[in-house]
2 protein chains.
Amino acid sequence: MMKAKIDDVAKLAGVSKTTVSRVMNKRGYLSDKTVKKVHDAMNELNYHPNVVARQLFKQETKLVGLIFPTVNNPFFGQLVSSMEKKLFSKGFKVLIGDSMNDPDKEKLYLQELMTHQVDGLIVGAHNHGIEEYKNTNLPIVAIDRIMNKDIPVVSSDNYLGGQLATQLLIDNGARIIVHTNDPQNIKSPAQKRRSAYEDTMIHNGLDPIVYTLEFDSNSDKKIDSIKRIFKENPNIDGLFVSNDMDAAQVMDVAKDLGYRIPEDLKVVGYDGADITRILLPSLTTVVQPIDKMADVAVSTLVARMQDVSYSSNKILPVKIWRGKTV
Amino acid sequence: MMKAKIDDVAKLAGVSKTTVSRVMNKRGYLSDKTVKKVHDAMNELNYHPNVVARQLFKQETKLVGLIFPTVNNPFFGQLVSSMEKKLFSKGFKVLIGDSMNDPDKEKLYLQELMTHQVDGLIVGAHNHGIEEYKNTNLPIVAIDRIMNKDIPVVSSDNYLGGQLATQLLIDNGARIIVHTNDPQNIKSPAQKRRSAYEDTMIHNGLDPIVYTLEFDSNSDKKIDSIKRIFKENPNIDGLFVSNDMDAAQVMDVAKDLGYRIPEDLKVVGYDGADITRILLPSLTTVVQPIDKMADVAVSTLVARMQDVSYSSNKILPVKIWRGKTV
DNA sequence: CTCCATATGTCAACCGGTTAACACATGGAG
DNA sequence: CTCCATGTGTTAACCGGTTGACATATGGAG
């Protein structure tokens, strides 16, 4: 059975298709009687306008591309979900690309989003050196990463967060403090947390000790890396973990090795997403204002689309959530 | 600056636009020299074909609509993420609608997806009585819910899971066992877990005790409902919670009230999503095969799109993950 | 009488890619 | 000589909705 088209609605309503288009777009003079006739015909035919035709004509898709490492993660999941809601309320729908920290996947997704003629992009993936963004000629907002000077960035204060986390450990007596972070080829915001950690440690006359954890949750390789931290630092008494998922894994391994948290080992995580706060409320963590980041990112993108002025670089405040691990 | 069109590529390559189209679609006879000339021109112009025009002509968008309560939740987040990956590998992109268990939102999203001419739908929202699905004439796959006899359903074995969870509590000595569940107007799979719990309790000569928890995480109202469980059942020694997020909250409240888990109170959750397994590994829970559900749902949808045969009702097995809460 | 507002219709081009049908050219096999 | 394969071009219609320009009709105000 054929889908109803505007001509079918026009015929059933006994008006021209121009009139149907006028009713749909609320344009021109229209009597109440005609409007009702058209709506009745649409309902009877179960007519859905084909936005593809409209998109082609208007050169605008009302689609926004979101490129993020994954949504199966508390921080990114909440951020993407929050942005999707805000964009929907402004009449946009989102196409999501999970880049999994793989530059080739990120390029592929970008390519796909370009062919789908998205009206804008919000990019939170952190692969370095993707030159293709330069060529898109699209309004872009970046999350947590500087892409170039023309693209506004929304982030939380990762440096301050790193300072707060490290200082909290020091102030609570920790001295042999290890920091875990992403590989350095991944230009993620966690690198600022590392810088802050290192600066704060040196400032307190302590030795920075950094371990790299790969971005692939729950793999044996990661567990091995975590075990190596304890093996190589038997006197460890503090851990600043660059994200909450890793923090959970680190604590699990620590407990298996006999450490009591926080008596023997104090732990601070990072992100404080809603899911984490419910599933692991005991974790002391640096809380990013995720919903606020989403709000600012969407507002900035819409402002760019409309060529109105916007603030180029937003750094939103973080705060410490005191659980029980420090 | 204008976006390059197929005519621009043709002109730069010195061929006809029909030849460019033949190159893009790998159709007809083409010399290697011509193919190279066209590709070079595309690269030089940074040309992205406009799939909107193609969609209009071919009457196919390669978009799939996903309607789920939310993605900011371990179970749904993993399920949607997994489906998105599988659909992308088959050439589809997804448009997501978060219905938040609100029938009006679900209808609105469905409407929007229809106007975007999605090629199919995977529906995991559980609002009752949305008649509009009947009119879509689209291939639809449902997750965890019977919509009508024509729509294939993919679910895990919620009844068996409920049995296993309840029996595990009983086998480990619990006798005053409470079950928490969604409101009954929400036709979620959790209702089968409730049935199983009730049947298993009665079968063991015990009284079923069910409490309703609203679907809005971390609200004070929910905390109050949880507190009421302990107030009204001072001799409680077992809890079967219908999802892991609620289980975490229930345990948090229980600990605040002085219960030791599992000594004083044994707890079993449900879902076992990857995120939960990392953030709360101690939780004993019924693990759904989320990635397998995603795989089956996508395969079934694609089969429906291609009018090839498929299995109408897939119930996938669950298993118990023994953490430390039982 | 003229002009304006209201109301609806007609016409046709447009958005960008797809593609069928056919034309023309060349070379080789039967 | 005929037919087929290879290679490329031309033409034009199509997908569905949008919309400007203009036409026609009616009624009322100045």
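Residues numbered from 1 in each chain as written. Chains lettered and ligands numbered in written order. Predicted model: local features only at pLDDT ≥ 70, side-chain atom pairs only at ≥ 80, totals over all residues. Heavy atoms only, no water.

1. Re the overall build of chain A
Line of reasoning, step 1. Within chain A, the regular secondary structure consists of twelve helices and twelve strands.
Line of reasoning, step 2. Here the C-alpha radius of gyration of chain A, 25 Å, is well above what a compact globule of 326 residues would show, namely 20 Å.
Line of reasoning, step 3. Its C-alpha atoms give chain A principal-axis dimensions of roughly 85 × 35 × 30 Å.
Line of reasoning, step 4. For chain A, the exposed area adds up to about 14700 Å²; of that, 49% sits on carbon and sulfur atoms.
Line of reasoning, step 5. Across chain A, the centroid of the 42 positively charged side chains sits 8 Å from that of the 40 negatively charged ones. (Helix = DSSP H or I, 4+ residues; strand = E, 2+ residues; numbered from the N terminus. Rg over C-alpha atoms; globule rule 2.2 N^0.38 Å. Areas by Shrake-Rupley, 256 points an atom, 1.4 Å probe, with all protein chains shown as cover. Lys, Arg positive; Asp, Glu negative; His and termini not counted. Charge placed at Lys NZ, Arg CZ, Asp CG, Glu CD.)

2. Thoughts on the protein's contact with DNA strand D
Line of reasoning, step 1. Taken together, 29 residues lie around DNA strand D, and Thr19, Tyr29, Ser31, Thr34 and Gln59 of chain B are the ones closest in.
Line of reasoning, step 2. In DNA strand D, atoms within 4 Å of the protein come 67% from sugar and phosphate.
Line of reasoning, step 3. Here Lys58 of chain A contributes a side-chain N or O atom positioned 2.9 Å from a phosphate oxygen of DNA strand D.
Line of reasoning, step 4. Tyr29 of chain B is positioned such that a nitrogen or oxygen atom in its side chain is 2.7 Å from a phosphate oxygen of DNA strand D.
Line of reasoning, step 5. Mapped onto the surface near DNA strand D, the elements with two or more residues apiece are helix H2 (17-25) and helix H4 (51-58) of chain A together with helix H2 (17-25) and helix H4 (51-58) of chain B.
Line of reasoning, step 6. The element best represented in the surface near DNA strand D is H2 of chain A, accounting for six residues.
Line of reasoning, step 7. Residues of the surface near DNA strand D, tallied by class, amount to eleven nonpolar, eleven polar and seven charged. (Near = heavy atom within 4 Å. Polar contact = N/O pair within 3.5 Å; in protein donor to acceptor, adjacent residues only side chain to side chain. Nonpolar A, V, L, I, M, F, W, Y, C, P; charged D, E, K, R; others polar.)

3. Some remarks on the domain arrangement of chain A
All names here are of chain A.
Line of reasoning, step 1. According to the domain assignment, chain A contains domain 1 (6-49), domain 2 (59-156 + 290-316) and domain 3 (158-289).
Line of reasoning, step 2. The centre of domain 2, based on its C-alpha atoms, is set 28 Å off from the matching centre of domain 3.
Line of reasoning, step 3. Listed per partner, the contact involves 19 residues of domain 2 and 16 residues of domain 3.
Line of reasoning, step 4. Here domain 2 meets domain 3 over a buried area of about 1500 Å², counting both sides, of which 59% is carbon and sulfur.
Line of reasoning, step 5. When the buried surface of domain 2 facing domain 3 is broken down by residue, Pro74, His126 and Ser156 rank first, second and third, together holding 33% of it.
Line of reasoning, step 6. At the boundary of domain 2 with domain 3, the tally comes to zero salt bridges. (Domains from an automatic or database assignment. Contact = heavy atoms within 4.5 Å. Buried area = accessible area lost by both parts, 1.4 Å probe. Salt bridge = Lys/Arg side-chain N within 4 Å of Asp/Glu carboxyl O.)

4. Digging into the sheet that holds strand S6 (residues 177-181) of chain B
All names here are of chain B.
Line of reasoning, step 1. On the basis of which strands lie adjacent, the open sheet formed by six strands has the order S7-S6-S8-S9-S10-S12 and mixed pairing. The open sheet terminates on both sides in strands that have one partner only, identified here as strand S7 (209-212) and strand S12 (319-321). Across the sheet, the mean angle separating the axes of adjacent strands is 20° when strand polarity is ignored.
Line of reasoning, step 2. As paired strands, S6 and S7 are joined by four bridges and run parallel to one another. Among the inter-strand pairings, Thr180 is bridged to a residue of S7, identified as Tyr211.
Line of reasoning, step 3. The strands that helix H9 (residues 220-232) touches are S6, S7 and strand S8 (238-241); relative to S7, the one it contacts most, it runs at about 155°. (Pairing = 2+ DSSP bridges. Axes fitted to C-alpha atoms, helices over the stretch in contact; angles between N-to-C directions.)

5. A look at the packing of helix H1 (residues 6-13) of chain B against H2 of chain B
Residues and elements named next belong to chain B.
Line of reasoning, step 1. H2 packs onto H1 with a crossing angle of 105° between their chain directions and a minimal axis gap of 8 Å. Put simply, H1 runs roughly perpendicular to H2. Touching Ile6, Asp7, Val9 and Ala10 of H1 are Lys17, Val20, Ser21 and Met24, all from H2.
Line of reasoning, step 2. The residue makeup of the contact of H1 with H2, split by class, is five nonpolar, one polar and two charged. (Parallel < 35°, antiparallel > 145°, perpendicular 65-115°, else oblique.)

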